[in-house]
Structures are given as structure tokens and as C-alpha cells.
Amino acid sequence: MAEKARIGILISGRGSNMAALVYAAKAPGCPYEIVLVASNHPDAPGLTLAEAEGIATFAHPHKGLSREAHDAIMHDALVEAGVEYVVLAGYMRILSDGFVSKWADRMLNIHPSLLPKYKGLDTYQRAIDAGDRVAGCSVHLVTPELDDGPVLAQTEVAILPGDDADSLASRILIAEHQLYPRALARYVTREADPDWILAQVRKRALALEETHERASFGAPGWRVGSETTGKYFAYFAQSHHGEASIALLVKTTGIDEQTALIDADPDLYYAPKFYGKSGWIAIRLDQGRTDWDHIGEWLYKSWCQVAPKRLTRLIEIADQF
């Protein structure tokens, strides 16, 4: 069974969304566990609930501290607890850019509107005043700009005749409690999703000079050069040619390098059945811990082996400046 993602939750008050996540994590098969609940208010009621559920807690007041200093304290607590993803659940603090950058693509928030509509506060009344038919909530990644990160999931909530901000808020909160656990579970398991994995490889492969995608025996592949004379430098393997895993196939310098890589890390590398005798290497992408910088480096290295000399010469010249 795959290891569960380790989640740290930041709260400032009662933590109702935190509670929804805590109870969702108890379900068999949930892909995450809550390892820390932290707050900027030592008397936050949500801390009491977390402690009763056997979850480690941490609190440090922000008064008298700069934003950066308090964020550093919270960051250290998260790291010490082994947190892999940060979830904001009613954390009423604007986070410093430094803190956000440290948790880039690993920090989620839930906002009570259908983003990009109604960023900031008073979202319920603003939706009513605008005459909207529906309001709702959004789970998004946290970026330095307030409520501006990529939206991961949304739920619409109908605005009823006679609704005021309080009545609408009460129904949106129900939607939040259902949406947040589902969105978090989907996000922390994204690296097991073949479509997501393929999209990551495709983005990096097509970023290289003069590359294009062409299927080979039903599998996505990437070539450098023209449509007629281009050469393959990478393939995406998923249940093709007898491969049992999801992997990226790239060229090595030969059998010696291929063998050395497999000997050094047999859990990551293996010789692909169809291309292995030609010195290609398969890099597993389905272990939930892919180093995408490493994948980008391998794509570039493989690209260099088959790219036209005029392209590699241009890169060599550019690297001199």
C-alpha cells in the first residue's frame, strides 16, 4: 500500500473544515493523514478538537512579530512534523511571499466563492448583490497573490429567494466540508494518475527546441527535427510492449551506462523490453515521488543525442555567454 501523504493544517478558529478533513482521513483508503494542526491563536477551539482526536498541535501567537518572523516559526513546526502538504482551513493570516514559495504547489486553500469571482472578503453578500443565480466554493493552490492560485475543484450552491449572507454561508459551508477532502485526496494522488503524468512529460518534452509528438505503436513519443526526418528521443510507456509500470523511456550513451544506472537504483531504472537492447533506459514515473527536474534533465540529455548538430551547436554557443 502506498504511503499516505502527510498533511499539516493551519487554522485560526473553530476549524470546521479542519474537522471535515480529520474525519475524512479516518476512512479506509484515504490517501492522506493529518499529522499536525497549527494555529496563530493558542486558544483556537480547533486545537482542542485536534488534540481530542490524537493529532499533534502547535500554536504561536503572531502579535509582536513581523509577518516573516511568524511565518518562519510556523514553517519550522510544519517541517519538524514531517508535513508534505499544507492545508489552510480558516487561517486568517496573509502569508508572506517567502512562506508561499517554500510550499509552492504543496499548499491548498478553500475560498467561499466560485473563483475567479469575488476574491477576498464578503463573498456571500457580493454574490447576492450581483443577482447571481449560484454561489459556491473553490479549492485552489496558494500563490503570493490573494485567492489567485490555480483552481483545483469547485462546488456550486444555489442562491435561494430571500437568502441573506448568513443563510447562504451556512449552505456553502456544507459544500466546503464535502469538497475539501475530495479535492485534497485527488491532489495528493495526482502522481498516480497516468493522464497527469503524461501531461508533465509532454510539457517538458515539447519545451525543447524543434520537438513534436508522434505516437509509436500507440504510445506517445517525442521527436526532434522535421516531421519527415525527425528522430525519437523519448517515449511514454504505459502498458505498452509488455511494460508493467508507467515510465519515461530515454536514450543513454550505451549499455554500460544503462547497466550502471540500474545497478545504482533498480527501483527507479530498468531496461525496457522493446528498447533495452539498444541502450535505452526506463525511468519509473508511478512511484508518487517523481523528481521532475531529474526528468527534465534526462529529456534534454536524450534530446542532445539525436538533435541535429546545428541545434546542439547553437546551445553550446549560447552556454558560453
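Scroll up to find the structure.
Residues numbered from 1 in each chain as written. Predicted model: local features only at pLDDT ≥ 70, side-chain atom pairs only at ≥ 80, totals over all residues. Heavy atoms only, no water.

S.K.: What should I look at first to understand the overall build of the protein in this one?
M.R.: Secondary structure summary: the protein contains ten helices and 13 strands in total. By its C-alpha atoms, the protein is 65 × 45 × 45 Å across when sized along the principal axes. Buried residues in the protein amount to 47% of all 321 residues. In the protein, of all internal contacts separated by at least 6 residues, the share reaching a separation of at least 24 is 57%. Carbon together with sulfur atoms contributes 53% to the accessible area of the protein, which is approximately 16200 Å² in total. Of the side chains in the protein, 32 bear a positive and 42 a negative charge, and the two mean positions are spaced by 5 Å. (Helix = DSSP H or I, 4+ residues; strand = E, 2+ residues; numbered from the N terminus. Buried < 20%, exposed > 50% of the residue type's maximum accessible area, 1.4 Å probe, protein only. Contact = heavy atoms within 4.5 Å. Areas by Shrake-Rupley, 256 points an atom, 1.4 Å probe, with all protein chains shown as cover. Lys, Arg positive; Asp, Glu negative; His and termini not counted. Charge placed at Lys NZ, Arg CZ, Asp CG, Glu CD.)

S.K.: Can you help me understand the sheet that holds strand β13 (residues 280-284) in this one?
M.R.: The pairing of strands in a sheet comes from backbone hydrogen bonds and takes either a parallel or an antiparallel form. Taken together, six strands build an open sheet; the order of strands is β8-β9-β10-β11-β13-β12 and the sheet is antiparallel. Lying at the two open borders of the sheet, with one neighbouring strand each, are β8 (211-213) and β12 (269-270). Bridge analysis of strand β9 (residues 221-224) against strand β10 (residues 231-238) gives four bridges, and the strand direction is antiparallel. Bridge pairing in β10 links Val224 to Lys231. Sheet contacts for helix α7 (residues 194-206): β8, β9, β10 and β11 (246-251); angle to β10, the most-contacted strand, approximately 170 degrees. In this fold helix α9 (residues 292-306) packs onto β8, β9, β10, β11, β12 and β13, with an angle of close to 35 degrees to the strand it touches most, β11. (Pairing = 2+ DSSP bridges. Axes fitted to C-alpha atoms, helices over the stretch in contact; angles between N-to-C directions.)

S.K.: Got a minute to help me understand the pairing of β10 in this structure?
M.R.: Successive residues of a regular strand alternate their side chains across the two faces of the sheet. Among the eight residues in β10, six count as buried, and that is most of the element. Sheet analysis places β10 next to β11, joined by five bridges and oriented antiparallel. For Ala234, the partnering residue across the bridge sits in β11 and is Val250.

S.K.: Explain the packing of helix α1 (residues 16-24) against helix α2 (residues 45-52) here, please?
M.R.: Two quantities define a packed helix pair, namely the angle between the helix axes and the distance between the axes. Between α1 and α2, the least distance of the axes is 10 Å, while the angle of their chain directions is 10 degrees. The orientation of α1 with respect to α2, classified from their angle, is roughly parallel. Seen from above, α1 lies across α2 with right-handed handedness. Contacts between α1 and α2 involve Met18, Ala19 and Tyr23 on the former and, on the latter, Gly46, Leu49 and Ala50. Across the contact of α1 with α2, the residue classes break down as five nonpolar, one polar and no charged. (Parallel < 35°, antiparallel > 145°, perpendicular 65-115°, else oblique. Left-handed = near helix turned anticlockwise from the far one by under 90°. Nonpolar A, V, L, I, M, F, W, Y, C, P; charged D, E, K, R; others polar.)

S.K.: Can you help me understand unusual backbone geometry in this one?
M.R.: Trans peptide bonds make up most of the peptide bonds, and negative phi angles are found at most residues other than glycine. In this chain, Leu115 is followed by Pro116 through a cis amide linkage whose omega measures 15 degrees. Tracing the backbone shows Pro116 in the loop between β5 (107-111) and α5 (123-129). A positive phi angle is found at Asp122, which is not glycine, with a value near 55 degrees. Residue placement: Asp122 occurs in the loop between β5 and α5. Looking at Asp122, the relative accessible area reads 58%, which means it is exposed. Unlike most non-glycine residues, Phe217 shows phi in positive territory, near 55 degrees. Here Phe217 falls in the exposed class, since its relative accessible area comes to 63%.

S.K.: What is the right way to look at the environment of Glu213 in this model?
M.R.: If you trace the backbone, Glu213 turns up in strand β8. The contact partners of Glu213, leaving out residues within four places of it in the chain, are Arg202, Leu206, Pro220, Gly221 and Trp222. Among the polar contacts listed, one links the side chain of Glu213 to the side chain of Arg202, at a separation of 2.7 Å. A polar atom in the side chain of Glu213 sits 3.2 Å from the side chain of Trp222. (Polar contact = N/O pair within 3.5 Å; in protein donor to acceptor, adjacent residues only side chain to side chain.)

S.K.: Before we go on, may I ask you to explain helix α8 (residues 255-264) in this structure?
M.R.: Within α8, the full set of buried residues consists of Glu257, Gln258 and Leu261. When α8 is viewed along its axis, its buried side chains cluster within an angular range of 100 degrees and face the same direction. What points out from α8, more than 90 degrees from its buried face, is the exposed set Asp256 and Asp263. Against β12, β13 and α9 lie the buried residues of α8. (Arc of directions from axis to C-beta.)

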